[in-house]
Amino acid sequence: MAINTKQNIAFGVIFANNMACGNVWGLLVLGSIWAFPSARAVNCDGIDSAAANYDYKDAFSKAILFFEGQRSGKLPASQRVKWRGDSALSDGKPDNVNLVGGYYDAGDNVKFGWPMAFSVSLLSWAAVEYQKEISAINQLAYLQLAIRWGTNFILKAHTSSTTLYTQVGDGNRDHQCWERPEDMDTPRTLYKITSGSPGSEVAADSAAALAAASIVFKSVDSNYSARLLSHSKSFADKYRGSYKDSCPFYCSYSGYQDELLWAAAWLYKASEEATYLNYVASKEGWSQTVSEFSWDNKFAGAQTLLAKVANYNENYVKIFQISHRRNNKGIRGEFFGGKTNLRRFKSDADSFVCALMPRSSSVQIKTTRGGLLFTRDSSNLQYATSASMVLLVYSKILNAAHTGGVQCGSVTFAASQIKAFAKSQVDYILGNNPMQMSYMVGYGSKYPTQLHHRGASIPSIHVHPAKVGCNDGYSTWYSSSKPNPNTHVGAIVGGPNSNDQFNDARSDYSHLEPTTYMNAAFLGSVAALLGGSNAECFIEQMHINRTSAGDDY
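About the cut-offs
- Residues numbered from 1 in each chain as written.
- Predicted model: local features only at pLDDT ≥ 70, side-chain atom pairs only at ≥ 80, totals over all residues.
- Heavy atoms only, no water.
- UniProt positions renumbered as here; feature names shortened; annotations may be inferred.
- Disulfide = S-S within 2.5 Å.
- Buried < 20%, exposed > 50% of the residue type's maximum accessible area, 1.4 Å probe, protein only.
- Helix = DSSP H or I, 4+ residues; strand = E, 2+ residues; numbered from the N terminus.
- Phe/Tyr/Trp six-rings, centres within 6.5 Å; stacked < 30°, edge-to-face > 60°.
- Expected span 1.5 Å × (residues − 1).

The name that an unreviewed UniProt entry assigns to the protein chain is Endoglucanase, with the source organism given as Escallonia herrerae. Turning to the protein chain, the UniProt record has this under Sequence similarities (unreviewed entry): "Belongs to the glycosyl hydrolase 9 (cellulase E) family." One UniProt comment on the protein chain, placed under Catalytic activity (unreviewed entry), says "Endohydrolysis of (1->4)-beta-D-glucosidic linkages in cellulose, lichenin and cereal beta-D-glucans."

Asks: Whenever I open this one, the state of the cysteines confuses me. Can you help?
Replies: What we call a disulfide is simply a covalent bond connecting the sulfur atoms of a pair of cysteines. Enumeration according to the criterion identifies three disulfides in this entry. Disulfide partner of Cys247: Cys251, at an S-S distance of 1.8 Å. Residue classification places Cys251 among the buried positions, given a relative accessible area of 11%. Each disulfide pairs two cysteine sulfurs, and for Cys354 the partner residue is Cys408, the sulfurs being separated by 2.0 Å. Taking the sign of the torsion about the S-S bond as the criterion, the disulfide between Cys354 and Cys408, at about -85°, is left-handed. With Cys354 in helix H12 (residues 342–356) and Cys408 in strand E8 (residues 406–408), the pair connects residues that are 54 residues apart, well separated along the chain. Taken individually, Cys354 and Cys408 each receive the classification buried, so the pair is uniform in this respect.

Asks: In this structure, what is going on with the packing of aromatic side chains? I would like to understand it.
Replies: Scanning the entire structure with this criterion turns up 20 aromatic pairs. An angle of 80° between the planes, with centres 5.4 Å apart, marks the rings of Phe118 and Phe293 as edge-to-face. Here Phe118, found in helix H2 (residues 113–129), pairs with Phe293, found in the loop between helix H9 (274–282) and helix H10 (299–310); they are 175 residues apart in sequence, far enough to count as distant. Since its relative accessible area comes to 2%, Phe118 is described here as buried. Ring centres of Tyr279 and Trp286 lie 6.3 Å apart, and the angle between their planes is 80°; this geometry places the pair in the edge-to-face category. When its relative accessible area of 4% is taken as the criterion, Tyr279 is described as buried.

Asks: Explain helix H1 (residues 56–69) to me, please; I cannot follow it from the model alone.
Replies: For the α-helix, the turn length of 3.6 residues means that residues three or four positions removed from each other point alike. A rise of 1.5 Å per residue sets the reference length of H1, with its 14 residues, at 20 Å; its end C-alpha atoms lie 20 Å apart and thus fit the reference within 8%. With 12 of its 14 residues buried, H1 lies for the most part within the structure. Three or more residues of H1 are buried, namely Tyr56, Ala59, Phe60, Ser61, Lys62, Ala63, Ile64, Leu65, Phe66, Phe67, Glu68 and Gly69.

Asks: Got a minute to help me understand helix H14 (residues 415–430) in this structure?
Replies: Spanning 16 residues, H14 covers 23 Å between terminal C-alpha atoms, matching the ideal 22 Å at 1.5 Å per step. Counting buried residues along H14, 16 of its 16 residues qualify, which places the element largely inside the surrounding structure. Positive backbone phi, approximately 145°, marks Gly431, located one or two places after H14.

Below, the structure is given as structure tokens:
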């Protein structure tokens, strides 16, 4: 099943639209108490030197490997997850289009375009933010392959300027069967958005994914990068409408304004065209204070990206002064001097931090007694991982901007403290928790063995070539009390309950099912812990020593 806190999804088509500021987009179909480390105990990663550290390199490499186990289509000779085989080789055939490839979103055999696009965006964000660190552990090429496997599918799905295929497979029929993707015989029903049946959420997320990925490939495959950016620009804000085709599995609760801002922010970052910055500035009223970042709610991600823009230095001011000489209606250079609507995004990004940090006067998301952020019981680790990823990126932005941190009522949280708290979430997942187990399959000595995943729970087609039918899968393998025959290395499960307890039972999909976006967010979080900047550390320590020496948060 596609596990999603709220169990849902969204869609809208948007066409190339000429505006005064330029050609705007195209088809946008579009309780424990947390004890923070003393300032004097901070090391050059901005982390308490006495805090437990895990093998983040191993965790990162396994998080990437997970995506190979989620692949749909014809597998390459370089495939490392050997228990998988080719699957869904006729996807798209009913409409005479090629929709082979992409990822199964979770433990089922459906390809949902919306969460796939979000997953690709997160993978690309990690590659952009932590390229040097990832390259240093020889994992950048694997990450680029994982991204390309997703973007190739999105490109295929974008069959015309007004058409984007958004789902392959009937979710309800698929969930009635328990069979390997290699044996799959459930309907491969096609769903799409068009100008007449829009879905802004999935269209905007697809635009964001392609734009973000275009940055990743710009220096290694310029032609592919240009193709990604070109397709991304063809999604635009003209035909608005909420996406409903993937309900009840992925339904939109937050609306599509967050996705439009998310897409515009990535398009600006990828193209450096003022059109997109003008767009978000004119829509700053859309921004909301939120306490989660998820496949359904992108506000915190967009706010974090735009907060970075708001903190750009004088060199960027000069660039924008030049670029706007011909357009006095655009954003002026002084925008970055504190007279800009982007300040709303920065303020809302701060509010996101305050909503999560223990001891904040405006905290909204509590932690379990073991220290885990707990948003909802269904697949809670998707929220903990995505929150951690944003917090870690934001702490990096705060360091680069040489700010004093984030003020939450009477408490100021330095960048190092925000990073330390986010690190605690990663460490909890890797084993620093009351159950003393890893919530990543294949990591450590104790981890979940009954992953709620069809392919992993049935013997590999290479070992058991006879077909395993729909009902046979349920009676023989789903109901088995034994560990899965295939270890889906790197899979992050839904996680423990609010009491830090976890029951390793395959039937408990809310706590045992993995998802691509959960793994992508975890990957983006652990990437931030692979290495640190000495210069960054020096600046941060100077600030802490000057402003909060002797304080113990």
